[in-house]
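Chain by chain, the residues run as shown.
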Amino acid sequence: MNPSAPLTCLVVDDNEMNRFNLEHLIDLSPQLRLTASFANAVDCLAFFTGGGRADVLFLDIEMPELSGLELVRILPVPPPDIILVTSHRDYAVDAFDLSVSDYLVKPVELPRFLQAVQRVVQRREAQPAAADHRLPVETAPGAPVQHLFVKVNKKLMRINLSDILYVEALSDYCVLVLDKQKLIVYSTLRRLEERLPVQQFARVHRSYIVNMRRIEAVEDHMVQFARHEVPVGKSYQEGFQRQLRDF
C-alpha cells in the first residue's frame, strides 16, 4: 500500500444518525477515504464476497439479521482492520478475542476516533511486508461468487450457489429451494436478489428468482427443474428470453 494514500474504509450501522456521524468523522480525517456505507451487515458481507476491498471497517455490533461480531467471524480472508463501534462496553472481551483493531463507545468523539485511526496506521506501517496479502481465488476482485451466508433459525448457514434451484418470496421472508431441502431465510426477495450474481440468477416473476444453470426446460411460460416448476410473469418474459439467449 502507498504510505501516502488514504485508507479506504466502510461504515456499517443500522442507525442512520450513527452512520452520518462516522461518515463525518471520516471526512475530517485526511488519512481515510470512505468507500461505502451500509445500513446492515448482510449488505456489507455481500460487498466483500462480491470481490470488494477496504482497508478499515467501522462496524456496529447490535444489528438485525447479522450482528457485527457474527460478520467479523465470516469475513473473507484477509479481513480489513476492524474498529467496532457500539453503545455497550460489555462486548469488549468478545471483540478483542476476534483481534479487532479498536473498540469505540458511542457517542464517538473526534479525538478518540483519530486515536483509533492512528493505531491502525501505525500497525500497518510496522508491517509493510504484510501489505501484499493475496486473496483466495474465490474472493479475488472480479472472481465469480461461489456462495453466500444466510441466517436460518438464528444460525448462519453457508449456501453454495450451485445448490440453489430457485428463490421464492414469502412475505418478509424468502424460501431457498435447494436440491434436497427448503430453507426459510429472513430477507426480502429484493435484498437477496442484490446479493446474487446477475450472470447466474434471473428474476422471472414478482415472487421468484431462478438459477439459470439449473433450468432443465422452459415451456408455456413455466421454468422447469427436476422436481419443481416456476411461473414466468408476463412483465418478465421478454427480459428472461433475452437472458436465455445470452446465457
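Rules of the game
- Residues numbered from 1 in each chain as written.
- Predicted model: local features only at pLDDT ≥ 70, side-chain atom pairs only at ≥ 80, totals over all residues.
- Heavy atoms only, no water.
- Helix = DSSP H or I, 4+ residues; strand = E, 2+ residues; numbered from the N terminus.
- Buried < 20%, exposed > 50% of the residue type's maximum accessible area, 1.4 Å probe, protein only.
- Contact = heavy atoms within 4.5 Å.
- Pairing = 2+ DSSP bridges.
- Axes fitted to C-alpha atoms, helices over the stretch in contact; angles between N-to-C directions.
- Polar contact = N/O pair within 3.5 Å; in protein donor to acceptor, adjacent residues only side chain to side chain.
- Salt bridge = Lys/Arg side-chain N within 4 Å of Asp/Glu carboxyl O.
- Phe/Tyr/Trp six-rings, centres within 6.5 Å; stacked < 30°, edge-to-face > 60°.
- Core = buried A, V, L, I, M, F, W, Y, C linked by side-chain atoms within 4.5 Å.
- pLDDT = per-residue confidence, 0-100.

Our focus in this paragraph is the overall build of the protein. Looking only at helices and strands, the protein features 7 helices and 15 strands. Out of the 247 residues in the protein, the part that is buried amounts to 46%. Within the protein, contacts between residues separated by at least 24 positions form 54% of all contacts whose residues are at least 6 apart in sequence.

Let's shift gears to the sheet that holds strand β8 (residues 164-170). Here 5 strands make up an open sheet; going across it, the order is β10-β9-β8-β12-β11 and the pairing antiparallel. Strand pairing shows two members of the sheet lacking a second neighbour, β10 (182-185) and β11 (201-205), which therefore form its edges. Neighbour to neighbour, the strand axes of the sheet diverge by 20 degrees on average, direction disregarded. The sheet contact formed by β11 and strand β12 (residues 208-211) spans 4 bridges and is antiparallel.

Read across the open sheet, the 3 strands follow the order β13-β14-β15; overall the sheet is antiparallel. Looking at the sheet topology across the chains shown, the edges are occupied by β13 (217-219) and β15 (229-231). For this sheet the average axis-to-axis angle between neighbouring strands, irrespective of direction, equals 25 degrees. The sheet contact formed by β13 and strand β14 (residues 222-224) spans 3 bridges and is antiparallel. Counted as the bridge partner of Glu219 is Met222 from β14.

Here Gln200 is to be found in the loop between α6 (189-195) and β11. Within polar-contact distance, the side chain of Gln200 engages the side chain of Asn211 at 3.3 Å. Apart from residues no more than four positions distant in its own chain, Gln200 is found in contact with Leu161, Ser162, Val210, Asn211, Met212 and Arg213.

Here the focus is the pattern of salt bridges. If you walk through the whole model with that rule in mind, you get 10 salt bridges. Residues Arg124 and Asp81 are paired through a salt bridge, measuring 2.8 Å at the closest nitrogen-oxygen approach. Of this pair, Arg124 sits in helix α5 (residues 110-126) while Asp81 sits in strand β4 (residues 81-86); the two residues are 43 residues apart in sequence, bridging distant segments of the chain. Two residues, Arg203 and Glu193, come together in a salt bridge whose shortest N-O distance is 2.7 Å. On the criterion of sequence distance, the pair formed by Arg203 in strand β11 and Glu193 in helix α6 is long-range, its members being 10 residues apart. Owing to a relative accessible area of 30%, Glu193 belongs among the partly exposed residues under this scheme.

Let us now look at the packing of aromatic side chains. One pass over the full model with this rule turns up 5 aromatic pairs. Arranged with centres 5.1 Å apart and planes meeting at 20 degrees, the rings of Phe58 and Phe113 form a pair that is stacked. Linking Phe58 in strand β3 (residues 56-60) with Phe113 in helix α5, this pair joins segments that are 55 residues apart in sequence. When its relative accessible area of 0% is taken as the criterion, Phe58 is described as buried. Look at Phe113 and you get buried, because its relative accessible area is 0%. Each residue in the set Phe38, Phe47 and Phe48 is aromatic and connected to the rest through ring pairs, giving one cluster.

So, on to the nonpolar core. Of all hydrophobic cores here, the largest spans 25 residues; its most connected members are Leu10, Cys44, Leu57, Leu59, Leu71, Ile82 and Leu84. Contributing elements (two or more residues each) for this core: β1 (7-12), β2 (32-38), α2 (41-49), β3, α3 (68-74) and β4. Top contributing element to this core by residue count: α2, with 5 residues. The residues contacting Cys44, other than those within four sequence positions of it, are Leu10, Val12, Phe38, Leu57 and Leu71. Grouped together as the second largest cluster of nonpolar side chains are 18 residues, Ile26, Val56, Phe113 and Val117 included.

Put simply, the protein has an average pLDDT of 84, and 86% of its residues get 70 or more. Note on residues 129-143: pLDDT under 50 across the span, and 21 contacts to partners over four residues away in sequence or across chains.

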